[in-house]
Amino acid sequence: MLRLRAICPFSWRVFQFRPISCEPLIIQMNKCTDEEQIFDFIERNKAILSEKQVGCAFDMLWKLQKQKTSLLKNVEYVRDHPQFLTLHNLATNKFKLMNDDTLVNVLHITQRFAGESHDPLVEALVTEAWRRLERFDIKLLSEFSSCLADQHLYFSPLMGKIADIVHRNLETTQDLSSLSVLMVNISSLISRHFQQQLVNKTELLFDTIDSSEVNVAIRIARFLRNIKYCYQPLLEKCNNVFLSNVDQLDLDSISKIFRLYKFLQFNSFEFIMMAKKKLTEMIPLCNHPASFVKLFVTLGPIAGPEEKKQLKSTLLLMSEDLTGEQALAVLRAMEDMESRNSHLIKRVTSVLHKHLDSYKPLELLKITQALTFLHFQRKEFSAKLRELLLSYLKISFIPTEVSILVYAISLLPSPHLDEVGISRIEAVLPQCNLNNLSNFATSVLRWIQYDHMYLDSITGKQLKLLQKLDHYGRQRLQHSNSLDLLWEELKSVRGNTFPESLLEEMIATLQHFVDEINYVNVVEIASFISNTDYLSTLLLDRIASVAVQQIEKIHPFTILAIILPFSTLNYDPPQRDEFFGTCVQHLNSYLGILDPLMLVCLGFSLATLQYFPEDLLKSIFNIEFLARLDSQLEILSSSLSARVQFHLMELNRSICLECPEFQIPWFHDRFCQQYNKDFECILDKRKKPLPYGSHNIALGQLPEMPWESNTEIVGSRLPPGAERIALEFLDSKSFCRNIPHMKGKSAMKKRHLEILGYRVIQISQFEWNSMALSTKDARMDYLRERIFGEVKS
């Protein structure tokens, strides 16, 4: 009886002010057309609003915001309105009575309106949602995870709990839209094995979504970016969604897709061309700095000459109105465009200079890299940039941040570090990963090179620092206990940035895990080895073996990456013909849709290895393909376009010289009939030189640039018994880093010159700069012996 008496007054208090039906009030709210009407409604009914009606009021306020353009949104006005505070207090009192959907929705909307970084209501809602987490369905779980992501709680225990729930329920999950949201939000926490499970699940569910689900496809691409996994099958599916909906894509969506593709190094020529057309049509429509900068950044790198001119002239007019963030975005786009428009660079850097104090270390590095690439030099700007970097370095204790700052300083005209800077590096070394150590090593080597070049000295501090970097790098490599964990660090490292001793230890560590190389990681490891210039036959043989045995699990578009280290390092595996044949056969049915740039590079790589698949080569040298290639070259940077054209011409020459039976014409006639040599001469049958133009050879040192002797070589005849001599000086880049084994391009050049009738004499810089050839007389004797066969008695 006493319990009943205690409960009854409470029940009466709770229910006496509630209306008999909630519907009339909700219907009234739904008829409101602006915020003032909603606030009037709240003021009149605040004493009787239920938790459901409170949720409805939040929902209506946010719907009104979403209906407005960015210029008309009035979030601050709504947040500061007295009746919004009333609604906020009502939610604080009633959130425990809300159902799960209303709770998460109110959390989402409160975060959009919240002015304080730690809103008490947001904290209370998150805590309550955590308590109910296990009963959330996948849609609600995804919405709640987005609320946590908005608060940057990617590494929180709560996000870890969500990841665990996703993992436990993955097998029964069928909603890819919600799963894609969760995948993005939990990507920072999950293991490589779980990442692969999510990728596999996404592949299974992808065909269940509507082909218009652009946002789902973008989220899947974001997930792959977050886990640094260029998984071609999924990216192609996403790309097909983008292609089928390109007319509906706005500037923001196209910009996101381009950024994702750039990071993942995924190329879709078809999407670029369709997006380029749509973006070009937007040029006259974007008249606000924010939208125009986004257009400039997205369209600039792929625009034609006229579009680029229009973009730059319009940006010059807006340059004074740019924010610091926009100026940085423009500068990086100019770097991608290889645009050295001095007038625009000055305008942009003046904005950068004004905002320089507000940039974070990573942004300062991006500024330094871009200005270095664009050859911008202004003492006042460089001095302030250096001062800022050093001030950050003195207070930084995070290894990655310290490595970023040191790397940026090394790019400046005077890359010196004082005692404080050196001690800061030494303090973080024990916590550094391999990427940090690589950045430090590159920076210190630049420092040493600068001192040697301009000051003619190298300090003991620099060498001591290199020794410490070597020590900690070796220690980290030796403590690696699986290839997966090691690769998490190595995937961000370029192999050519490591010092020799550390690179040797790194290759030894990879060799230790050689049996763990499989179809999942073979492409990444092959790409890494290509950049090292280090010939490890054990690793290359394993790569070839995996390709032969597991070719059906390897995507055809990644074959180039697998073949590249063999081409670069001039190495034939034991099962050479089976390996190359298997790779090419895997590609044959895709020749018509393969990216033109990739196909040219693949043909060239195979040609350096003296492997000439006829179908593949004839698919390149036909008018239709070359027209496609020309269209693609128009959207590439000038340097990349020139490199591809050069590869194509070299491939043409290689086929005509080595496979004349293919009857492929000399598309690049003048190029193919000439070959650059450092020095050439003609000897008669008595080994005496014949008149042959003017050639001067500097004997004092190995020439930095080859003498260009573009003598035409086709159709010219020699006297009986005479021979052509071609002399080639080979620098260190012509050889593998670990052994004096000639790389692919140099070997191919020697082969071609011999086919053309030359006796080729190749002299390495190691030999030319040796102690044995330290005098002019010794070098003259050496050349006489190599060219004329004379031996000094």
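Above: the structure in question.
Residues numbered from 1 in each chain as written. Predicted model: local features only at pLDDT ≥ 70, side-chain atom pairs only at ≥ 80, totals over all residues. Heavy atoms only, no water.

Undergrad: Talk me through the packing of helix 7 (residues 100-113) against helix 9 (residues 138-150); I want residue IDs and the actual numbers.
TA: How two helices pack is summed up by the angle between their axes together with the distance between the axes. In contact at an axis separation of 10 Å, helix 7 and helix 9 are set at 25° when each is read in the N-to-C sense. Taken together, the axes of helix 7 and helix 9 lie roughly parallel to each other. The two elements helix 7 and helix 9 cross, and the hand of that crossing is left-handed. Contact residues: helix 7 offers Asp100, Asp101, Val104, Leu107, His108, Gln111 and Arg112, while helix 9 offers Leu140, Glu143, Phe144, Cys147 and Asp150. (Axes fitted to C-alpha atoms, helices over the stretch in contact; angles between N-to-C directions. Helix = DSSP H or I, 4+ residues; strand = E, 2+ residues; numbered from the N terminus. Parallel < 35°, antiparallel > 145°, perpendicular 65-115°, else oblique. Left-handed = near helix turned anticlockwise from the far one by under 90°. Contact = heavy atoms within 4.5 Å.)

Undergrad: Can you tell me about unusual backbone geometry, naming the residues and giving the values?
TA: Positive phi is not limited to glycine here, since glutamine 265 has a value of about 55°. Considering the arrangement of structural elements, one finds glutamine 265 in the loop between helix 15 (251-264) and helix 16 (269-282). Despite not being glycine, glutamine 663 shows a phi value in the positive range, around 55°. Within the secondary structure, glutamine 663 is located in the loop between helix 36 (638-658) and helix 37 (669-672).

Undergrad: An account of the environment of phenylalanine 735 is requested, with residue identities and associated values reported.
TA: With respect to the helices, strands and loops of the structure, phenylalanine 735 is situated in the loop between strand 3 (723-730) and helix 38 (744-755). Of the residues examined, phenylalanine 735 reaches a relative accessible area of 8% and is grouped as buried. Taking the C-alpha atoms as reference, phenylalanine 735 lies 8.1 Å from leucine 569; in sequence the two are 166 residues apart. For phenylalanine 735, the contacting residues outside a window of four places in its chain are Leu730, Pro740, His741, Met742, Lys743, Ser764 and Phe766. (Buried < 20%, exposed > 50% of the residue type's maximum accessible area, 1.4 Å probe, protein only.)

Undergrad: Describe the packing of aromatic side chains, and please don't skip the residues or the numbers.
TA: Scanning all chains against the criterion turns up 20 aromatic pairs. Taken together, a centroid distance of 6.3 Å and an interplanar angle of 55° make the contact between phenylalanine 242 and tyrosine 261 tilted. Taken together, the positions of phenylalanine 242 in helix 14 (residues 232-244) and tyrosine 261 in helix 15 put the pair 19 residues apart, joining distant regions of the chain. This pair shows no difference in class: phenylalanine 242 is buried, exactly as tyrosine 261 is. Aromatic rings pair up to connect Phe242, Phe258, Tyr261, Phe266 and Phe271 into one cluster. (Phe/Tyr/Trp six-rings, centres within 6.5 Å; stacked < 30°, edge-to-face > 60°.)

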